[in-house]
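For reference, the chains in residue letters:
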Amino acid sequence: MVPFERHSFKAKKEDVVYSFSDGYPDQFGGPKGKKYKYAALKRKLLEIYEHPMGQQKEALYNTILAWMGTDHEQIDDICIVAVRI
């Protein structure tokens, strides 16, 4: 068993906190059939975090569908939870 690590941070009004599984960054696609990766997800979240939550959901959904295209099936579950403080 891996011990649970407790993390603390100070949040302020309008901050958005994201928690996600490895499913989104592990999806294959793009021009070279590679994984989406965590760095790309981080860039996307930084691009959309100020938008309303519904728009963020749509942006993430449309982004991963475009990434996978028609050549790649979803290979893992995708779970992203976002909370605006």
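The rules we used
Residues numbered from 1 in each chain as written. Predicted model: local features only at pLDDT ≥ 70, side-chain atom pairs only at ≥ 80, totals over all residues. Heavy atoms only, no water. Helix = DSSP H or I, 4+ residues; strand = E, 2+ residues; numbered from the N terminus. Buried < 20%, exposed > 50% of the residue type's maximum accessible area, 1.4 Å probe, protein only. Patch = residues over 30% accessible without salt bridge, like charges linked within 9 Å, V, L, I, M, F, W, Y side chains within 5 Å. Areas by Shrake-Rupley, 256 points an atom, 1.4 Å probe, with all protein chains shown as cover. Salt bridge = Lys/Arg side-chain N within 4 Å of Asp/Glu carboxyl O. Expected span 1.5 Å × (residues − 1). Contact = heavy atoms within 4.5 Å.

Asks: Describe unusual backbone geometry, with residues and values.
Replies: Despite not being glycine, glutamate 14 has its phi angle at roughly 80°, a positive value. By secondary structure assignment, the location of glutamate 14 is in the segment before strand E1 (16-20). On the basis of relative accessibility, which here comes to 45%, the residue glutamate 14 falls in the partly exposed class.

Asks: Tell me about a nonpolar patch on the surface, and please be specific about residues and values.
Replies: A surface patch of nonpolar side chains, amounting to about 240 Å² of accessible area, comprises Val81, Val83 and Ile85. When you line up the elements, isoleucine 85 lands in the segment after strand E4 (80-84).

Asks: Give me helix H2 (residues 53-68): which residues, what numbers.
Replies: For H2, which comprises 16 residues, the first-to-last C-alpha distance of 23 Å matches the rise-based estimate of 22 Å (1.5 Å per residue) to within 8%. Elements that come into contact with the buried residues of H2 comprise E1, strand E2 (28-29), helix H1 (38-48) and E4.

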